[in-house]
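Coordinates in review
Letter by letter, the chains look like this.
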Amino acid sequence: MMRRLKKISDEELLELFRNGDEAAFEELYNRYWAELYASAFKRLRIKEAAEEIVQDLFTSLWTKRDSLVIHTSLQNYLYSSIRYLVFAYFRKQDNRKTYEDFVLGGPISGDTSTEDRIYLNDLERNLDQGLRRLPQKCRSVFELSRKQYKTNKEIASFLGISEKTVENHLTKALRTLRLHLRYLNVLLFITLTCIR
């Protein structure tokens, strides 16, 4: 079956995939994962972020497979999606920097209202709740990385674990926190755009 799938065109593969064929999805994944990762990594230069973006793309493809509409070639669609996700990543990083500046009392242009502060305090409280739900080691790795700005190598040395284990903990923490905060994404976007 898999050998047969390797020989079919992207269009035929896409049709099987849209009908829920898991083997077709696996072939699609194997056919494009490395190239999409290379494309994301070339722009980001952050291994974990590039992996996460490609994983998010394939997760989204599978979730929306029955309603997926592609007006171009599958390859063009996938590369355009990666470019969009990379752009979204940079936009989110910019918003996160604005949020951190706000929380840490750094310079933010414009006036902020009491309502903005309430929303951001609520967001910070929800983020802390999400962090408390993480396993202890995972939480420690995340806090060392994101709050103390230590490198993966420094964290590995400090905790006596491998860099790969640090990467795994960070990936798990980010995935868990993203799910925990998903419903707040719109709130975060509105709040951050209002205070710029």
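Structural notes, computed from the coordinates. (Residues numbered from 1 in each chain as written. Predicted model: local features only at pLDDT ≥ 70, side-chain atom pairs only at ≥ 80, totals over all residues. Heavy atoms only, no water.)

1. Looking at the packing of helix H7 (residues 136-146) against helix H8 (residues 152-159)
What counts here: Axis definition: a line fitted to C-alpha atoms, limited for helices to the stretch in contact. Angles are taken between N-to-C directions and run from 0 to 180 degrees. Strands are runs of DSSP state E lasting at least 2 residues, helices are runs of H or I lasting at least 4, and numbering of each runs from the N terminus. Roughly parallel refers to an angle under 35 degrees, roughly antiparallel to one over 145, roughly perpendicular to one between 65 and 115, and oblique to any angle outside these ranges. A crossing counts as left-handed when the near helix is turned anticlockwise from the far one by less than a right angle, and as right-handed when that turn is clockwise. Note on definitions: a residue-residue contact is assigned when non-hydrogen atoms from the two residues lie within 4.5 Å. Each residue gets one label: Ala, Val, Leu, Ile, Met, Phe, Trp, Tyr, Cys and Pro are nonpolar, Asp, Glu, Lys and Arg are charged, and the others, such as Gly, are polar.
Two elements in contact, H7 and H8, have axes separated by 10 Å at closest approach and are oriented at 135°. Looking at the two axes, H7 sits oblique to H8. The hand of the H7/H8 crossing is right-handed. Residues Lys 137, Val 141, Leu 144 and Ser 145 of H7 form the contact with H8, whose participating residues are Ile 155, Phe 158 and Leu 159. Residue composition of the contact of H7 with H8, grouped by class: 5 nonpolar, 1 polar and 1 charged.

2. Regarding the pattern of salt bridges
The following threshold applies: Here, a salt bridge means any side-chain nitrogen of Lys or Arg that lies within 4 Å of a carboxyl oxygen of Asp or Glu. Per-residue accessibility, obtained with a 1.4 Å probe over protein chains only, is compared with the maximum for each type, and a residue is labelled buried under 20%, exposed over 50%, and partly exposed between these values.
Summed over all chains, the structure comprises 7 salt bridges. Glu 27 serves as the salt-bridge partner of Lys 6, at 3.6 Å between the closest nitrogen and oxygen. Remark: Glu 27 occurs in helix H3 (residues 22-44) and Lys 6 occurs in helix H1 (residues 2-7); sequence separation between them is 21 residues. In this structure Lys 6 comes out as exposed when scored by relative accessible area, which is 52%. On the basis of relative accessible area, Glu 27 is assigned to the buried category, the value being 5%. Between Glu 15 and Arg 18 there is a salt bridge, with its nearest N and O atoms 3.7 Å apart. Of the two residues, Glu 15 and Arg 18 are both situated in helix H2 (residues 10-18); the distance of 3 residues between them amounts to about one turn of the helix. Among the ionic contacts, a cluster of salt bridges with common partners joins Lys 6, Asp 10, Glu 27 and Arg 31.

Spatial relationships are all this shows, so hold off on functional conclusions.
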